[in-house]
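Fold and geometry: a report
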Amino acid sequence: MGDKVILLDAWPSMFGMRVRIALAEKGVKYEYKEEDLINKSPLLLEMNPIHKKIPVLIHNGKPICESLIIVQYIDEVWNNKSPLLPSDPYERAQARFWADYIDKKVYDAGRKVWATKGDEMEAGKKEFIEVHKVLEEELGDKPYFGGETFGYVDLALITFYSWFYTYETIGNFSMEAECPKLMAWVKRCMQKESVAKSLPDQKKIYGFVLGLRKRFGIE
């Protein structure tokens, strides 16, 4: 297959990181194009005219948008190795449920921690910890969310780990103290080359966020 694969992305995006991990898991070679989200490229606006957001996967000229949809697409197209979604329909539905929960809860709670201050930030911190305790309970004693192997839900959540240092430093809390089982899962995921190489340095994310806080006048 003479596949031409391009990823429009931005390095700090936990959503883009999901796609990078999925492509690495499948061993797909692709061209990476870094987007300036303040001055979006004509290609991004052409390929995602509805949301005008990254990530966008362009496969042989056809765009696929929204990170979890892209990951499902990658899993279906490159289905010869490292399956991400379970084969059983019920288990697949459960995996989609938890990935959807992560999408609806984790980003917004995290944003309240880094993009606000005072009471609003404290409320965000409480919500962020509570959401992760729910996820920790779902993980239970399993090595990964889907059982014995790294899969869809793990991929959906692990990318937020690159922002943990930022959340913890600004919010003044410890995920290790709050969710020790979840942090053991993080360490397991980070032993995978596909994950470790797809997540940027946590201190680099922190520097990026401090710049955003300054620009938004939060400090």
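Reading the values: the criteria
- Residues numbered from 1 in each chain as written.
- Predicted model: local features only at pLDDT ≥ 70, side-chain atom pairs only at ≥ 80, totals over all residues.
- Heavy atoms only, no water.
- UniProt positions renumbered as here; feature names shortened; annotations may be inferred.
- Helix = DSSP H or I, 4+ residues; strand = E, 2+ residues; numbered from the N terminus.
- Axes fitted to C-alpha atoms, helices over the stretch in contact; angles between N-to-C directions.
- Parallel < 35°, antiparallel > 145°, perpendicular 65-115°, else oblique.
- Contact = heavy atoms within 4.5 Å.
- Nonpolar A, V, L, I, M, F, W, Y, C, P; charged D, E, K, R; others polar.
- Polar contact = N/O pair within 3.5 Å; in protein donor to acceptor, adjacent residues only side chain to side chain.
- Pairing = 2+ DSSP bridges.

Under an unreviewed UniProt entry, the name given to the chain is glutathione transferase, and the organism recorded is Cephalotus follicularis. Looking at the chain in UniProt, the text filed under Sequence similarities (unreviewed entry) is "Belongs to the GST superfamily." Under the UniProt heading Catalytic activity (unreviewed entry), the entry covering the chain gives this text: "RX + glutathione = an S-substituted glutathione + a halide anion + H(+)".

**Focus: the UniProt feature "domain: GST C-terminal" (unreviewed entry) in the chain**
Taken from the UniProt record, the annotation "domain: GST C-terminal" (unreviewed entry) applies to residues 88–208. Helix makes up 74% of residues 88–208 and strand 0%. Its end C-alpha atoms lie 41 Å apart.

**Some remarks on the packing of helix H5 (residues 118–139) against helix H9 (residues 180–190)**
Two quantities define a packed helix pair, namely the angle between the helix axes and the distance between the axes. Across the interface, H5 lies against H9 with an axial gap of 8 Å and an inter-helix angle of 70 degrees. Between H5 and H9, the angle is such that the two are roughly perpendicular. In contact with His132, Leu135, Glu136 and Leu139 of H5, H9 contributes Pro180, Lys181, Leu182 and Trp185. Residue classes in the contact of H5 with H9 are distributed as five nonpolar, one polar and two charged.

**A look at the UniProt feature "domain: GST N-terminal" (unreviewed entry) in the chain**
Cross-referencing UniProt, the feature "domain: GST N-terminal" (unreviewed entry) maps to residues 3–82 in the present numbering. Along residues 3–82 the backbone is 38% helical and 21% strand, and the end-to-end C-alpha distance reaches 19 Å.

**Points about the side chain of Ser41**
With respect to the helices and strands, Ser41 occurs in the loop between strand E2 (31–34) and helix H2 (42–47). Within the local environment of Ser41, its side chain forms a polar contact with the side chain of Glu35, the two groups lying 2.6 Å apart. A polar contact is formed between the side chain of Ser41 and the backbone nitrogen of Leu44, at a distance of 3.0 Å.

**Some words on the sheet that holds strand E1 (residues 5–9)**
Pairing between sheet strands relies on hydrogen bonds along the backbone, with the strands arranged either parallel or antiparallel. If you walk across this open sheet you meet the four strands as E2-E1-E3-E4, and the pairing is mixed. Only two strands of the sheet have a single neighbouring strand rather than two, namely E2 and strand E4 (62–65). Adjacent strand axes in the sheet meet at a mean angle of 20 degrees when their direction is disregarded. Note: E1 against strand E3 (residues 56–59), four bridges, orientation antiparallel. Each residue of the ladder has a partner; that of Leu8, found in E3, is Val56. Against the sheet, helix H1 (residues 14–26) makes contact with E1, E2 and E3, and its axis sits at roughly 155 degrees relative to E1, the strand it touches most.

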